[in-house]
Amino acid sequence: MKVYIETYGCQMNEYDSELVKAVLKDQNLSFTTSLAKADIVLINTCSVRENANRKIYARVHEVRHLKKDQSFYIGILGCMVTNLGKELFDLPVDFLAGPDSYRRLPAMINESIAMQSTILDDKLSKQETYQNIYPLRQKGVNAWISVMRGCNNFCSFCVVPYTRGRERSKSLMDIYNECQRLADEGFRQVTLLGQNVNSYHHEGNDFAALLDKVSEIDGIKRIRFVSPHPKDFPGSLIDIVAQNDKICNHIHLPLQAGNDRILGLMRRTYTQKQYLELVQRIKEAIPDITLTTDIIVGFPTETAAECKDTKNVLEKVRFDSSFIFKYSERPGTLAAKKYPDDIAEEEKTRRIVSLNELQKEISLQKNQSHIGKVHDVLLEKKSTKKSTQDYQGRNDGNKVVIISKGPYQIGDFLRVKIEDASAHTLMGTVIAPQS
Ligand code: SAH
Ligand code: SF4
Ligand code: F3S
């Protein structure tokens, strides 16, 4: 039987889909990138905002419609399963497996085929890190690697602690060995993943120790990580990002809001002042740092003046880019229980448009400030933008850099002079391969 997987949501889900492939490959199942040819269709889902859920409902019905004359099985994986459980029985699907149930997937598929009924496993585990499973990855430049799973923070708006359960970390040596194997297979970059990646700890090793260990591997040239939480940012972590050349100078540091009352209601555990002080320390230690963030507008009771505080932080920090979301009430979260979703949709729209406009201006100015500078670019793929003749890579700060086609290979490190910039990308010409 041939399996087709579609993945929604964050990078953790990308990684999990690769884990699922490894589990299924052991059962002699093969894979296809064509929905039409699939005998088993898997949809790995996200629940972080209501929109994400809606998209999946629509997609399941669409898949049924597209393949209406064929017999096939359809399974839902991931966060929607642990979020909604039996509610998903309304959907025309055969099996439902949450993020901690992937070892059971082959048995579940067999069971649903044998019993002709929908099988659900939405249990969360306190231990599961899929420690001994080596994901089946697409060959490429970057490999995702989940170093911890779950989240203990319970930010009041967020469904993740309910969909992914409690925090647990993989062993340091296990991650080191996985990265070594990735290097042997030709991956040049690893991105360490966790919902709260810097709360990684295993047998006395913290996140800074993990970064240090992974950087010992010769073949790995770049190390990235997402997403750190501002509360777990000791000096030792800033120092290692500053001092270790392999660890990229990019920190995605979710702010969520700039107003202290809202940050309190969100249970983010820091104030605007503490966040700004952290940014200051980071900028002092790493002057060329690329900073990006996540923001939510329209949290219950947020006034226009309080949203202005978020705008002020954007102006002070001058993030390279921001992902800005409208608050979406998630059933079961503290915010949903305590605070009615009382900001009108049009007001949320006004706030998101206004913040996005400001961010776009800042992003453009920041990108333009790189014109004339030389960056080390790791070539990732043929560009999807404009001409198919172009290549696309990223600089140390994770910015997309477009260069013209030349005698280069995906995975090459190039020294590139930046000639032009938009709010989203840098354009440059290659000066030389990196020495
Ligand atoms: N673990 C990461 C974020 C995970 S979710 C962290 O703590 O930073 C990714 C982003 O989605 C969040 O940073 C937040 O900005 C947004 N988000 C989460 N729940 C949301 C909700 N209920 N409504 C709108 N945006 C939300
Ligand atoms: Fe959600 Fe907060 Fe955990 Fe991030 S840290 S996953 S926003 S609860
Ligand atoms: Fe979505 Fe789950 Fe990731 S809710 S953001 S796929 S952890």
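Everything numeric here is computed off the predicted structure, so don't read it as measured data.

Visitor: Is there a simple way to think about the sheet that holds strand β10 (residues 189-193) in this case?
Guide: Whenever strands of a sheet pair, they do so through backbone hydrogen bonds, lying parallel or antiparallel. Pairing within the open sheet is parallel, and its three strands lie in the order β7-β10-β13. The open sheet terminates on both sides in strands that have one partner only, identified here as β7 (142-146) and β13 (222-226). Strand after strand, the sheet turns through a mean of 25° between neighbouring axes, direction not considered. The pairing of β7 with β10 spans five bridges and is classified as parallel. Bridge pairing links W144 to T191 in β10. Of the strands in this sheet, β7, β10 and β13 are in contact with helix α1 (residues 11-25), which crosses β7 at around 95°. This element, helix α6 (residues 172-184), spans β7 and β10 of the sheet and lies at about 165° to β7.

Visitor: Even after reading the chapter, I still don't get unusual backbone geometry, so can you show me in this structure?
Guide: Note on backbone geometry: most residues besides glycine have negative phi, and most peptide bonds are trans. In this chain, V226 is followed by S227 through a cis amide linkage whose omega measures -20°. Checked against the element boundaries, S227 lands in the loop between β13 and α8 (235-243). The backbone phi angle of R318 is positive, close to 55°, even though this residue is not glycine. Given the relative accessible area of 31%, R318 is considered partly exposed.

Rules used throughout
- Residues numbered from 1 in each chain as written.
- Chains lettered and ligands numbered in written order.
- Predicted model: local features only at pLDDT ≥ 70, side-chain atom pairs only at ≥ 80, totals over all residues.
- Heavy atoms only, no water.
- Pairing = 2+ DSSP bridges.
- Helix = DSSP H or I, 4+ residues; strand = E, 2+ residues; numbered from the N terminus.
- Axes fitted to C-alpha atoms, helices over the stretch in contact; angles between N-to-C directions.
- Contact = heavy atoms within 4.5 Å.
- Buried < 20%, exposed > 50% of the residue type's maximum accessible area, 1.4 Å probe, protein only.

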